[in-house]
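So the chains spell out like this:
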Amino acid sequence: MISARAVFDDLARRLVSRAETLAATRAETRRLAARGDESRWRRADLVWPLFAKG
């Protein structure tokens, strides 16, 4: 039987990983927007950050 603590730790680790991905994506998007670079709308890793391979 898997302990509840192990399940929670795994969930917390996955959520932190996703939050880090989203934060990095947001920072990159803001940087490109400040430069006026419209390529940010064509980059899959910025449009769908949780689905892009990285």
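Provided above is the structure to which this section pertains.
Quick caveat, the model's predicted, so the values are computed rather than measured. (Residues numbered from 1 in each chain as written. Predicted model: local features only at pLDDT ≥ 70, side-chain atom pairs only at ≥ 80, totals over all residues. Heavy atoms only, no water.)

> Quick one: what's the story with the pattern of salt bridges, residue by residue and with numbers?
Within this structure, the stated rule accounts for seven salt bridges. The partner of Arg14 in a salt bridge is Asp10, with the nearest N and O atoms 3.5 Å apart. Of the two residues, Arg14 and Asp10 are both situated in helix α1 (residues 4–35); the distance of four residues between them amounts to about one turn of the helix. Classification of Arg14 as partly exposed rests on a relative accessible area of 46%. For Arg40, the salt bridge goes to Glu38, with nearest N and O atoms at 3.7 Å. On the basis of relative accessibility, which here comes to 14%, the residue Arg40 falls in the buried class. Judged by its relative accessible area of 43%, Glu38 is partly exposed. Salt bridges linked by common partners bring Glu28, Arg31, Arg43 and Asp45 together as one network. (Salt bridge = Lys/Arg side-chain N within 4 Å of Asp/Glu carboxyl O. Helix = DSSP H or I, 4+ residues; strand = E, 2+ residues; numbered from the N terminus. Buried < 20%, exposed > 50% of the residue type's maximum accessible area, 1.4 Å probe, protein only.)

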